[in-house]
Amino acid sequence: MNIAKSKKSTPLQVIVSVLAALFGVQSDNNRQHDFKQSSPWSFIVAGIVVIGAMIMAIIAVAQWATAI
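Because the structure is a prediction, the values reported are computed rather than measured.

With that out of the way, let us pick up the layout of surface pockets. If you add up the space inside the largest pocket, you get close to 180 Å³. Residue lining of the largest pocket: Lys-7, Lys-8, Ser-9, Thr-10, Pro-11, Val-14, Lys-36, Gln-37, Ser-38, Ser-39, Ser-42 and Phe-43, and that is the complete set. Here the lining of the largest pocket is composed, by residue class, of three nonpolar, six polar and three charged.

Spelled out as structure tokens, the structure:
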């Protein structure tokens, strides 16, 4: 799938892009496509949501592990 040709990112593409960037496996084509978007707000909001979900997951696993 070549998303460099599309003009606007879909919500799924934004989530995938944020996750790939978070784990450091973002391709150069996708990174360039992301920086060509007119507004960074969808990526900022998705990043905050993903980081929040990761923190909540870590807390839940820690609580579960200490309850055993």
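So much for the structure itself; the text now carries on.
Attention now goes to the side chain of Asp-34. The topology assignment puts Asp-34 in helix H2 (residues 28-35). Notably, Asp-34 is buried but unbridged: the nearest opposite-charge side chain belongs to Arg-31, and the N-O separation is 8.1 Å. In terms of polar contacts, Asp-34 uses its side chain to reach the side chain of Gln-26, at 2.9 Å. Here Asp-34 is in contact with Ser-9, Ser-17, Gln-26 and Phe-43, once residues within four sequence places are set aside.

Another aspect to go through is the pattern of salt bridges. Side chains that differ in charge, positive against negative, can pair when their charged atoms come close. In total, this model carries one salt bridge according to the counting rule given. Across the pair Asp-28 and Arg-31 runs a salt bridge whose closest N-O atoms are separated by 2.5 Å. Highlighted residues: Asp-28 and Arg-31, both in helix H2, separated by three residues, approximately one helical turn.

What follows concerns a nonpolar patch on the surface. Residues Ile-15, Leu-19, Leu-22, Phe-23, Val-25, Ile-51, Met-54, Ile-55, Ile-58 and Ile-59 make up a contiguous nonpolar surface patch of about 890 Å² in total accessible area. Contributions of two or more residues to the nonpolar patch are made by helix H1 (11-23) and helix H3 (41-67). It is H3 that provides the largest number of residues to the nonpolar patch, a total of five residues. With respect to the helices and strands, the residue Leu-22 is situated in helix H1.

Rules of the game
- Residues numbered from 1 in each chain as written.
- Predicted model: local features only at pLDDT ≥ 70, side-chain atom pairs only at ≥ 80, totals over all residues.
- Heavy atoms only, no water.
- 1 Å grid on protein atoms, 1.4 Å probe; cavity = no way out; pocket = protein on both sides within 12 Å on 5 of 7 lines; lining within 4 Å.
- Points joined across faces, edges and corners; volume = space filled by probe spheres on them.
- Nonpolar A, V, L, I, M, F, W, Y, C, P; charged D, E, K, R; others polar.
- Helix = DSSP H or I, 4+ residues; strand = E, 2+ residues; numbered from the N terminus.
- Buried < 20%, exposed > 50% of the residue type's maximum accessible area, 1.4 Å probe, protein only.
- Lys, Arg positive; Asp, Glu negative; His and termini not counted.
- Salt bridge = Lys/Arg side-chain N within 4 Å of Asp/Glu carboxyl O.
- Polar contact = N/O pair within 3.5 Å; in protein donor to acceptor, adjacent residues only side chain to side chain.
- Contact = heavy atoms within 4.5 Å.
- Patch = residues over 30% accessible without salt bridge, like charges linked within 9 Å, V, L, I, M, F, W, Y side chains within 5 Å.
- Areas by Shrake-Rupley, 256 points an atom, 1.4 Å probe, with all protein chains shown as cover.

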